[in-house]
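Coordinate analysis (summary)
Residues per chain are reported as follows:
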Amino acid sequence: MASLLELSRTHSSLDVEDIDHLQRLTAEWAFLADLCFADLLLHVRSDDGRWMIVDQVRPATNQTMYAIDFVGTWATQAEDLMTRAADEGRSVEGDITLRVDVSGADDRTARVLAVPVRHGDRVIAVLTKEWVVRAGRNLGELERNYSRIFDQFAHMISSGTFPFPGQVADSSAAPRVGDGVMMLDVDATVTYVSPNANSALHRVGIQANPVGMRLAELGFHDGPARQAFERGEPVVEEFEQGADVTLLARCVPLVRSRDGDAHVVGGLLLIRDVTDLRKRDRLLLSKDATIREIHHRVKNNLQTISSLLRLQARRLESAEAKAAVSESVRRIRTIALVHESLSREPGDDIAFIEIVRPLLRLAEEGLQSPDRPVRFSVRGSGGRVPAHAATPLSVVLTELLQNAVDHGFPEGSGGGDIAVVLAHDGSSLTLRVIDDGRGIEPGFDLDQAPGLGLSIVRTLVTTELDGSIEMSPATSSDLAAVGLGDDSARPRGTRVELRVPSAAI
């Protein structure tokens, strides 16, 4: 479906400011449809005098007349009414035949009110209110009041004072008409209160009849009304009222032009009780804080275990035992680093790069020696990974880095470079570790490798991550892709690729 902007540019001679005015109108007009219990359609006039429907909104307070959208089609009815409204600059009312037969009777008619949309000194569009009059049914008090409120906004639209210019309060998260309506005069005195608004007042402990009383006299927070009247634009504010009741309010000022100036003559105050919603928000925040605290405590416990193992290693005399304990310390530090990173995140997932970078720093500190300096680098980001996958991925990466240093750059080799490449294409996470070391032996089979580190990698990849892993000699293109170069005087190095499906993480 084409947008209002595209349709207006294609089928009318409206300029950018005119179209911006219409976009601000349609951003606000949902509550107008609710107030008039009718469908609203917005039309722009083409150069040949036809009317193009550029937007449409249905009421949340009544059944719609139209089950289909007419946006992007030419109006086939009420064209004379719209032309009169645009040419005369005033609202015009008349009858049309229903475009869609919702009742089964082909000859059923509906009412149309054509309201000119003025911007500056020109009428740039026409808004139509379309509804069915039900015979034999009198309007109730709520409907009569809502209709009067809509008429005031229709007058503002035709005089060019609605929608309000510039940036106004976001109406997408604001209360709707069905939540509760209060009408105010210029002194913030209540002139009408809907049943739902009255219920909201009762929940905050206001039992008195509010009609005829100012908001401040009722003990009701009047901040949104005061700000809206002073600034001459809608204001949205959330506040606590009474005993632990949270209300969301939106006040839209009613404006009249007098002597060329716009004057506030009253306001529409919409209110919604969001107490339960905010309680759920606080529970979620509390849950997140608890989870972060658990991660923090696990990290502290792991660091304590790591310290105890290092103390134990100092008392060992066997070089093999010391090496085994050191490897265990390194693995524990990796898991502790993951929990430390998760303790800083508010949600259940984390950007993988935020774990990879500190892991590389950890590798630089623990795996290098003066006679084999190894430079580590990372490319890509890998997207976000859930907490349950972060630990096995980090342990696998640590083991692969350890393996690359130990086997690619033995003591006295002069060192080299190791690059970690991360990618996420939506269906899988790919992790590559590429080095320019001495490479793997001919006939090497990863599945048959006896080392503990690669055994851990295979187990985690296949059982925890449901992924696959391949190890092969690095090609010239592999080395060039990560900026390692291709020095023919030295071995080509090793390429390890881990692929984990998104469904597994």
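In the block above lies the structure referred to throughout.
Analysis parameters
- Residues numbered from 1 in each chain as written.
- Predicted model: local features only at pLDDT ≥ 70, side-chain atom pairs only at ≥ 80, totals over all residues.
- Heavy atoms only, no water.
- Helix = DSSP H or I, 4+ residues; strand = E, 2+ residues; numbered from the N terminus.
- Expected span 1.5 Å × (residues − 1).
- Contact = heavy atoms within 4.5 Å.
- Salt bridge = Lys/Arg side-chain N within 4 Å of Asp/Glu carboxyl O.
- Buried < 20%, exposed > 50% of the residue type's maximum accessible area, 1.4 Å probe, protein only.
- Core = buried A, V, L, I, M, F, W, Y, C linked by side-chain atoms within 4.5 Å.
- Pairing = 2+ DSSP bridges.
- Axes fitted to C-alpha atoms, helices over the stretch in contact; angles between N-to-C directions.
- Polar contact = N/O pair within 3.5 Å; in protein donor to acceptor, adjacent residues only side chain to side chain.
- Lys, Arg positive; Asp, Glu negative; His and termini not counted.
- Parallel < 35°, antiparallel > 145°, perpendicular 65-115°, else oblique.
- Left-handed = near helix turned anticlockwise from the far one by under 90°.
- Nonpolar A, V, L, I, M, F, W, Y, C, P; charged D, E, K, R; others polar.
- Phe/Tyr/Trp six-rings, centres within 6.5 Å; stacked < 30°, edge-to-face > 60°.
- Lys NZ or Arg CZ within 6 Å of the ring centre and 35° of its normal.

Right, let's talk about helix α13 (residues 452-464) for a bit. Given a rise of 1.5 Å per residue, 13 residues ought to cover 18 Å, and the 17 Å separating the end C-alpha atoms of α13 matches this to within 8%. Tucked inside the fold, the buried residues of α13 contact α10 (319-343), α12 (387-408), β16 (468-473) and β17 (494-501). At the exit of α13 stands D466, carrying a positive phi of roughly 55°.

Attention shifts here to the pattern of salt bridges. For the structure shown, the criterion picks out 25 salt bridges. Across the salt bridge formed by R203 and D273, the nearest N and O atoms sit 2.8 Å from each other. Residue R203 is found in helix α6 (residues 195-203), and its partner D273 is found in strand β10 (residues 261-273); the two are separated by 70 residues along the sequence. With relative accessibility at 27%, the residue D273 sits in the partly exposed group.

The next point concerns the nonpolar core. Counting residues in each nonpolar core, the largest one holds 48 residues, and the members touching the most others are L393, L401 and I418. Ranked by the residues each element gives to this core, the list is headed by α12, at 10 residues. Apart from the residues lying within four places of it in its own chain, the contact partners of L401 are L360, A363, L367, F376, I418, V420 and V433. Membership of the second largest hydrophobic core comes to 46 residues, among which are A33, L42, V117 and I157.

Turning our eyes to something else, we now look at the sheet that holds strand β15 (residues 428-435). Within a sheet, adjacent strands bond to each other through the backbone by hydrogen bonds, running parallel or antiparallel. Spatially, 5 strands are ordered β12-β14-β15-β17-β16 in an open sheet, and the strand pairing comes out mixed. Since the sheet does not close on itself, it has two edges, and those belong to β12 (374-379) and β16, each with one partner. Averaged over neighbouring strand pairs, the angle between their axes works out to 15° when direction is ignored. Here β12 pairs with strand β14 (residues 416-424) via 6 bridges, running parallel.

Looking now at the side chain of D18. Examined against the element boundaries, D18 turns out to sit in helix α2 (residues 16-28). Of the residues examined, D18 reaches a relative accessible area of 2% and is grouped as buried. Looking at D18, its side chain comes within polar contact range of the side chain of R122, at 2.3 Å. Among residues more than four places away in sequence, those in contact with D18 are H119, R122 and I124.

Take the sheet that holds strand β7 (residues 190-193) next. If you walk across this open sheet you meet the 5 strands as β7-β6-β10-β9-β8, and the pairing is antiparallel. Each edge of the open sheet carries a strand with a single partner, namely β7 and β8 (235-241). Ignoring which end each strand starts from, the neighbouring axes of this sheet average 25° apart. Where strand β9 (residues 245-258) meets β10, 12 bridges bridge the pair, whose relative direction is antiparallel. Bridge pairing links C251 to L269 in β10. Strand contacts of helix α8 (residues 223-231): β6 (181-185), β8, β9 and β10, with the helix running at about 160° to β8, the strand carrying the most contacts.

Right, let's get into the side chain of K129. By the secondary structure assignment, K129 is in strand β5 (residues 122-131). It turns out K129 is buried and unbridged, and the closest side chain with the opposite charge, D151, is 5.2 Å from it. Once residues lying within four places of it in the same chain are set aside, the contact partners of K129 are C36, A38, D39, L40, R111, V112, L113 and F150.

Omega for the peptide link from F162 to P163 comes to 5°, which places this bond in the cis form. Note that P163 resides in the loop between α5 (141-159) and β6. Phi is positive for A78, close to 60°, though the residue is something other than glycine. Positive phi, normally seen in glycine, also occurs at D466, with a value near 55°. If you trace the backbone, D466 turns up in the loop between α13 and β16.

The subject of this paragraph is the environment of H339. Within the element layout of this structure, H339 appears in helix α10. Separated by 94 residues in the primary sequence, H339 and V245 place their C-alpha atoms 37 Å from one another. Apart from the residues within four sequence positions on either side, H339 is in contact with H295, V298, K299 and L302.

It is worth spelling out the packing of α12 against α13 at this point. Contact geometry of α12 with α13 gives a least axis separation of 9 Å together with a crossing angle of 150°. It follows that α12 is roughly antiparallel to α13 by the angle criterion. Read as a crossing pair, α12 and α13 show a hand that is left-handed. Of α13, the residues touching α12 (which contributes P392, V395, V396, E399, L400 and N403) are G453, L454, I456, V457, L460, V461 and E464. Of the residues contributing to the contact of α12 with α13, the split by class is 9 nonpolar, 2 polar and 2 charged.

Take the packing of aromatic side chains next. Centre distance and the angle of the planes are the two values used to describe a pair of aromatic rings. One pass over the full model with this rule turns up 8 aromatic pairs. Judged by centre distance (6.4 Å) and plane angle (90°), the ring pair of Y146 and Y192 falls under edge-to-face. On the criterion of sequence distance, the pair formed by Y146 in helix α5 and Y192 in strand β7 is long-range, its members being 46 residues apart. Members of the aromatic cluster, connected to one another through ring pairs, are F31, F153, F162 and F164. We note R50 situated over the ring of W74; from NZ or CZ to the ring centre the distance is 3.8 Å. Directly above the aromatic system of W131 lies the positively charged group of K129, at a separation of 4.3 Å from the ring centroid.

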